[in-house]
Amino acid sequence: ATSGYGRSQVIALYRSCRRAMLRIPDPGQRQMYDTHLKTSFRAKRHLFPESREAVLAIDDAREQLDRMNYYHSIREEKEREQQQQLDPSSKQNNKLLPSESAASTPQKSSSSEVCADADDIKNEIVQNWLKEAL
């Protein structure tokens, strides 16, 4: 039998997605991802928690959130390295960059992302954002 996800787990997943979205530095990309996030969650809210489709959507979303957090970590590390090159005397490794503020601190999420509907769109958003960021 398939085990479903409770409402609180889905809400935690959505919040994790929002935190990841807030870490996107480009306002246009952030807005596009925000719209996609809301649309994706709303499109799946009719699913029964125990349904195979709901479980697959949540599992896919978790994978996507993990991927997004990974991309953020790469970008933030590169920003730290660039900052260190500009000012080698500073101890940037111990300082947070503006994109790492408390509201956007990376969370290891057990709930990853129900933005599962349109993988191509999400991947394109992330890829475009990465091209611009890196």
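No experiment lies behind these values; they were computed from the predicted model shown.

Asker: I keep staring at the packing of helix α1 (residues 7–22) against helix α3 (residues 52–86) and nothing clicks. Help me out?
Answerer: The angle between the axes and the distance between the axes are what describe a pair of packed helices. With their axes 10 Å apart at the nearest point, α1 and α3 run at an angle of 25° to one another. Between α1 and α3, the angle falls in the class roughly parallel. Regarding α1 and α3, the two cross each other, and that crossing is left-handed. For the pair formed by α1 and α3, the contact residues are V10, L13, S16, C17 and A20 on the first element and I58, A61, R62, L65, M68, N69 and H72 on the second. Along the lines of polarity and charge, the residues of the contact of α1 with α3 split into 8 nonpolar, 3 polar and 1 charged.

Asker: Where do I start with the environment of Y5 in this structure?
Answerer: Tracing the sequence through the fold places Y5 in the segment before α1. Residue Y5 is classed as buried on the basis of its relative accessible area of 15%. Considered as a pair, Y5 and S51 are 46 residues apart in the sequence and their alpha carbons are 9.5 Å apart.

Asker: Help me understand helix α2 (residues 27–44) in this model?
Answerer: Given 3.6 residues to a turn, an α-helix orients residues that are three or four positions apart in the same direction. A rise of 1.5 Å per residue sets the reference length of α2, with its 18 residues, at 26 Å; its end C-alpha atoms lie 26 Å apart and thus fit the reference within 8%. Within α2, burial applies to Q29, Y33, D34, H36, L37, S40, F41 and K44.

Calculation rules
Residues numbered from 1 in each chain as written. Predicted model: local features only at pLDDT ≥ 70, side-chain atom pairs only at ≥ 80, totals over all residues. Heavy atoms only, no water. Axes fitted to C-alpha atoms, helices over the stretch in contact; angles between N-to-C directions. Helix = DSSP H or I, 4+ residues; strand = E, 2+ residues; numbered from the N terminus. Parallel < 35°, antiparallel > 145°, perpendicular 65-115°, else oblique. Left-handed = near helix turned anticlockwise from the far one by under 90°. Contact = heavy atoms within 4.5 Å. Nonpolar A, V, L, I, M, F, W, Y, C, P; charged D, E, K, R; others polar. Buried < 20%, exposed > 50% of the residue type's maximum accessible area, 1.4 Å probe, protein only. Expected span 1.5 Å × (residues − 1).

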